[in-house]
Amino acid sequence: MFFHIMLERNMQLHPRHFGARLREKLVSKLMKDVEGTCSGRHGFVVAITRIESVGKGLIREGTGFVTFPVKYQCVVFRPFKDGIFAEAGPVQIFVSNHLIPDDMEFQSGDFPNYTTSDGSVKIQKDSEVRLKIIGTRVDATEIFCIGTIKDDFLGVINDPGADA
């Protein structure tokens, strides 16, 4: 699921960036440091949408660096158990052999795929599949998911190989 949340971060800035464009440098550094990262608590930070405030800087003794508290709004992506997704953004989801319908068999070769016994449904590279997340594990920097396509209304929704 996607959420729009408020976060805070202390940003350090080198003295060479002090001047008229200080805020612009802080925002640029924040985007570079935060967008695309993952926190176990909030999920993947997709994009910063707004800078709420930049607090007063605190000079770090001996270095000249200044630490600024920055409050910002951002869009985060965090998968939840029992959610159904057609696409899962930056998250890779593992679907075990045991969580694929029994009538599908793995076909090796030049284009490996899972195919039903009657050949009517094929899951291959670039197929769009609707699945259900049945388990998640959250680390400090990554989210791992396990999914199934063995329930009603799950499975292939678009097969790029069918066009050929």
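Residues numbered from 1 in each chain as written. Predicted model: local features only at pLDDT ≥ 70, side-chain atom pairs only at ≥ 80, totals over all residues. Heavy atoms only, no water.

**Q** Is there a simple way to think about the state of the cysteines in this case?
**A** Joining two cysteines, a disulfide is a covalent bond between their sulfur atoms. Applying the stated criterion to the full structure yields 0 disulfides. Summary of cysteine pairing: Cys 38 is not part of a disulfide, and the nearest cysteine sulfur, belonging to Cys 145, is at 9.9 Å. Exposure remark for Cys 38: the relative accessible area of 10% places this residue in the buried category. Its relative accessible area of 5% is what places Cys 145 among the buried residues. (Disulfide = S-S within 2.5 Å. Buried < 20%, exposed > 50% of the residue type's maximum accessible area, 1.4 Å probe, protein only.)

**Q** Could you clarify how one ought to interpret the pattern of salt bridges in this entry?
**A** Where side chains of opposite charge bring their charged atoms close, a pairing between them can arise. All told, the structure shown has 5 salt bridges when counted by the stated rule. Asp 102 serves as the salt-bridge partner of Lys 150, at 3.1 Å between the closest nitrogen and oxygen. You can see Lys 150 sitting in the loop between strand 12 (143-148) and strand 13 (155-158) and its partner Asp 102 sitting in the loop between strand 7 (93-94) and strand 8 (104-107), a full 48 residues away along the chain. Exposure remark for Asp 102: the relative accessible area of 69% places this residue in the exposed category. The closest approach of N and O atoms between Lys 132 and Asp 151, which form a salt bridge, is 2.7 Å. Of the two residues, Lys 132 is situated in strand 11 (residues 128-138) and Asp 151 in the loop between strand 12 and strand 13; the sequence distance between them amounts to 19 residues. Its relative accessible area of 22% is what places Lys 132 among the partly exposed residues. (Salt bridge = Lys/Arg side-chain N within 4 Å of Asp/Glu carboxyl O. Helix = DSSP H or I, 4+ residues; strand = E, 2+ residues; numbered from the N terminus.)

**Q** What's the story with the sheet that holds strand 10 (residues 122-124) in this structure? I'm lost.
**A** Pairing between the strands of a sheet is mediated by backbone hydrogen bonds and can be parallel or antiparallel. One open sheet holds the 3 strands; their spatial order is 8-9-10, and the pairing between them is antiparallel. Each having just a single partner strand, strand 8 and strand 10 make up the two edges of the open sheet. Each neighbouring strand pair of the sheet contributes to a mean axis angle of 20°, computed without reference to strand direction. Across 4 bridges, the pairing between strand 8 and strand 9 (residues 113-116) is antiparallel. Following the sheet pairing, Met 104 is matched in strand 9 by Thr 116. (Pairing = 2+ DSSP bridges. Axes fitted to C-alpha atoms, helices over the stretch in contact; angles between N-to-C directions.)

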